[in-house]
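Notes for the structure review
One letter stands for each residue in the lines below.
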Amino acid sequence: SLFKDILKCVGRKPKSGKRKGGLKVHTIINADEMVPKIIWITHAATNDHILLSKLKLNSDTIYVFDKGYNDYKAFKLFTETGIGFVTRIKDNAVYDTICANEIGEHIHSGVLEDQIIEVTVKDGKTTSKLKLRKIRFYDRQLKREFEFLTNLFEMRADLVSALYKIRWQIELLFKQLKQNFPLKYFFGDNENAIFIQIYCVLIAN
């Protein structure tokens with residue numbers, strides 16, 4: 001209830017007429033570490049993909065992120081500057097299939113489909129086409145299919161799928177925070193006080 005007056009509300013308006021406010025913690029974490037490298041806190045209503053513009057891109061890095069960060073303009077920049085990424089394709093994504101890559105016997109049997117697709121990138125009044133790779137993978141452990149989007153055209157399809165699994169470390173970090181530092185009560189009643197308390201939790205962790 002504290003949030004609804006301080007941080008911009010998000011989501012549908014419930015029958016009670018009172019929407020909850022909230023915030024998002026956007027995190028960059030190195031694959032071989034459990035400590036966040038960068039943290040941004042925004043209102044819950046802030047679109048995730050805006051955060052991609054804050055990245056200081058490193059050509060020696062492959063960025064792996066959730067489908068909430070889908071942004072074709074950013075994907076075009078990544079591709080043009082030789083920076084790799086892996087994410088999940090949105091359910092409502094519009095694209096043209098260019099061709100299907102052969103799935104060799106040495107590739108993990110969970111790889112169901114490996115395609116080259118083309119998406120439309122809108123940048124102001126101009127539009128252009130961008131080739132990407134879409135991989136459909138069945139995870140036997142989770143018993144569900146995933147569709148990945150990447151610009152790593154030379155990497156094995158099963159390795160692309162394995163890269164996305166590494167992103168789960170961020171979820172483990174947030175689970176750890178929630179279990180050890182339940183942020184249910186706040187000592188201040190303004191945005192800055194809430195942010196400070198969250199940063200204190202991250203530092204303590």
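Residues numbered from 1 in each chain as written. Predicted model: local features only at pLDDT ≥ 70, side-chain atom pairs only at ≥ 80, totals over all residues. Heavy atoms only, no water.

Turning our eyes to something else, we now look at the overall build of the protein. Per the secondary structure count, the protein includes four helices and eight strands. Ordering the α and β elements of the protein from the N terminus gives β-β-β-α-β-β-β-β-β-α-α-α. Residues classed as buried in the protein amount to 37% of the 205 residues present. Across the protein, every contact between residues at least 6 apart in sequence was considered, and the portion connecting residues at least 24 apart equals 42%. (Helix = DSSP H or I, 4+ residues; strand = E, 2+ residues; numbered from the N terminus. Buried < 20%, exposed > 50% of the residue type's maximum accessible area, 1.4 Å probe, protein only. Contact = heavy atoms within 4.5 Å.)

What follows covers the side chain of arginine 167. Inspection of the secondary structure assignment puts arginine 167 in the loop between α2 (157–166) and α3 (168–180). On the accessibility criterion, arginine 167 (14% relative accessible area) is buried. Apart from residues no more than four positions distant in its own chain, arginine 167 is found in contact with Val64, Phe65 and Asp66.

Once that is clear, we can look at the packing of aromatic side chains. For the structure shown, the criterion picks out 10 aromatic pairs. With 6.1 Å between their ring centres and 55 degrees between their planes, tyrosine 72 and phenylalanine 75 make a pair best called tilted. Here tyrosine 72 and its partner phenylalanine 75 are both found in helix α1 (residues 72–80), three residues apart, which amounts to about one turn of the helix. With centroids separated by 5.8 Å and ring planes inclined at 65 degrees, the aromatic side chains of phenylalanine 78 and phenylalanine 85 adopt a geometry described as edge-to-face. (Phe/Tyr/Trp six-rings, centres within 6.5 Å; stacked < 30°, edge-to-face > 60°.)

One finds Leu55, Phe65, Phe75, Phe78 and Leu132 to be the most contacted residues of the largest nonpolar core, which totals 21 residues. Of all elements in the fold, only α1, β6 (111–123) and β7 (126–139) reach the threshold of two or more residues within this core. With near-sequence residues (within four places) excluded, leucine 132 lies in contact with Phe75, Thr79, Phe85, Gln115, Ile116, Ile117, Val119, Leu149, Thr150, Asn151 and Phe153. Ranked by size, the runner-up nonpolar core spans 12 residues in total, among them Ile107, Phe137, Leu152 and Val160. (Core = buried A, V, L, I, M, F, W, Y, C linked by side-chain atoms within 4.5 Å.)

For leucine 163, the position within the fold is in helix α2. The spacing of leucine 163 and alanine 31 is 132 residues in sequence and 9.4 Å in space, taken between C-alpha atoms. If we ignore the near neighbours within four places in the chain, the residues touching leucine 163 are Ile62, Val64, Val86, Leu152 and Met155.

Right, let's talk about the pattern of salt bridges for a bit. Considering all chains together, one arrives at 11 salt bridges under this definition. One salt bridge connects glutamate 113 with lysine 134, and the closest N-O pair in it is separated by 3.5 Å. Highlighted residues: glutamate 113 in strand β6 and lysine 134 in strand β7, separated in sequence by 21 residues. Judged by relative accessible area, glutamate 113 falls into the partly exposed class, the value being 24%. Note that glutamate 113 is salt-bridged to arginine 136, the shortest N-O span being 3.4 Å. (Salt bridge = Lys/Arg side-chain N within 4 Å of Asp/Glu carboxyl O.)

Below, the discussion takes up α3. Between its terminal C-alpha atoms α3 stretches 19 Å, which fits the 18 Å expected from 13 residues at 1.5 Å a residue. Inspection of α3 places Gln169, Ile170, Leu173 and Leu177 among the buried residues, and these make up the whole buried set. Buried positions in α3, seen along its axis, are confined to an arc of 105 degrees and lie on one side of it. Away from its buried face by more than 90 degrees, α3 exposes Trp168, Lys178 and Gln179. Packed against the buried residues of α3 are β1 (23–29), β2 (36–43), α2 and α4 (191–204). (Expected span 1.5 Å × (residues − 1). Arc of directions from axis to C-beta.)

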